[in-house]
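Below, each chain spelled out in residue letters.
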Amino acid sequence: MTSYRLDRLAVLPLIGLHVIGAGLATILAFFVWGPLGVLVALLLLHAARLALLPPSVARTDPEGIRLGGQFSVKPVRVPWAAVEDVSIDGRTLQFDRTDGGSASLPLVYVGAQRDALVKDVYDRLNAVNGYRRFDPSAD
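Residues numbered from 1 in each chain as written. Predicted model: local features only at pLDDT ≥ 70, side-chain atom pairs only at ≥ 80, totals over all residues. Heavy atoms only, no water.

Trainee: Sorry if this is basic, but what is going on with helix α1 (residues 8-31) here?
Mentor: Helix length check: α1 (24 residues) gives 35 Å between terminal C-alpha atoms against 34 Å at 1.5 Å per residue, within 8%. When α1 is considered as a whole, its buried residues turn out to be V11, L14, I15, H18, A22, A25 and A29. In the core, the buried residues of α1 are packed alongside α2 (37-52). (Helix = DSSP H or I, 4+ residues; strand = E, 2+ residues; numbered from the N terminus. Expected span 1.5 Å × (residues − 1). Buried < 20%, exposed > 50% of the residue type's maximum accessible area, 1.4 Å probe, protein only. Contact = heavy atoms within 4.5 Å.)

Have a look at this one:
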């Protein structure tokens with residue numbers, strides 16, 4: 001399984017919001033209610049976790065791909081066998097499914113891992129289909 005994490009560009013504002021919330025909770029803990037210090041600690045711990053290990057936005061494995069996650073689009077699982085076509089529409093990776101539905105992932109969420117994700121998707125689709133149907137250089 002390969003996991004693609006939320007890009008730092010998207011994570012930094014979330015970390016900033018956590019730190020601001022911790023600062024406000026600290027002020028309230030001093031002047032209003034002391035047990036809010038627990039909230040301060042939780043917010044700072046979560047900000048540190050986000051900085052060290054951003055949440056996953058795409059996961060590929062031999063059976064399919066899971067798109068979305070905690071701070072991105074709604075999670076959806078797409079099996080490779082159900083993929084009819086893959087395209088890159090501007091800044092979005094678009095999956096057309098055999099059942100007529102579609103799933104997409106804005107590539108801004110993966111940032112610098114964009115090319116690696118696209119190559120991984122095409123390689124896995126080629127392996128499932130047994131031939132070179134999908135060519136990333138064509139997009």
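Trainee: Where do I start with the packing of α1 against α2 in this structure?
Mentor: Two quantities define a packed helix pair, namely the angle between the helix axes and the distance between the axes. Where α1 contacts α2, the axes come no closer than 8 Å and their chain directions differ by 165°. Between α1 and α2, the crossing angle belongs to the class labelled roughly antiparallel. Our pair here, α1 against α2, has a crossing hand that is left-handed. Judged by residue contacts, R8, V11, L14, I15, H18, G21, A22, A25, T26 and A29 of α1 engage G37, L39, V40, L43, L44, H46, A47, L50 and A51 from α2. Along the lines of polarity and charge, the residues of the contact of α1 with α2 split into 13 nonpolar, five polar and one charged. (Axes fitted to C-alpha atoms, helices over the stretch in contact; angles between N-to-C directions. Parallel < 35°, antiparallel > 145°, perpendicular 65-115°, else oblique. Left-handed = near helix turned anticlockwise from the far one by under 90°. Nonpolar A, V, L, I, M, F, W, Y, C, P; charged D, E, K, R; others polar.)

Trainee: How do you make sense of the sheet that holds strand β3 (residues 64-67) when you look at a structure like this?
Mentor: Strand pairing in a sheet relies on backbone hydrogen bonds, with the paired strands running either antiparallel or parallel. Strand order in the open sheet formed by four strands is β1-β2-β3-β4, with antiparallel pairing between adjacent strands. In this open sheet, the two edge strands, each paired with only one partner strand, are β1 (2-5) and β4 (76-79). The mean angle between the axes of side-by-side strands here comes to 15°, regardless of whether they run parallel or antiparallel. Pairing of β1 with strand β2 (residues 56-60), which is carried by four bridges, proceeds in the antiparallel orientation. Paired with R5 across the bridge in β2 is S56. (Pairing = 2+ DSSP bridges.)

Trainee: Would you explain α2 in this entry?
Mentor: Count 3.6 residues to each turn of an α-helix, and residues three or four apart come out pointing the same way. The end-to-end C-alpha separation of α2 is 23 Å, in line with the 22 Å expected for 16 residues at 1.5 Å each. Among the residues of α2, those classed as buried are V40, L43, A47 and L50. Around the axis of α2, the buried residues are gathered within 95° of arc, so they sit on the same side. Facing away from the buried surface of α2 by more than 90 degrees, the exposed residues are V38, L42, L45 and L52. (Arc of directions from axis to C-beta.)

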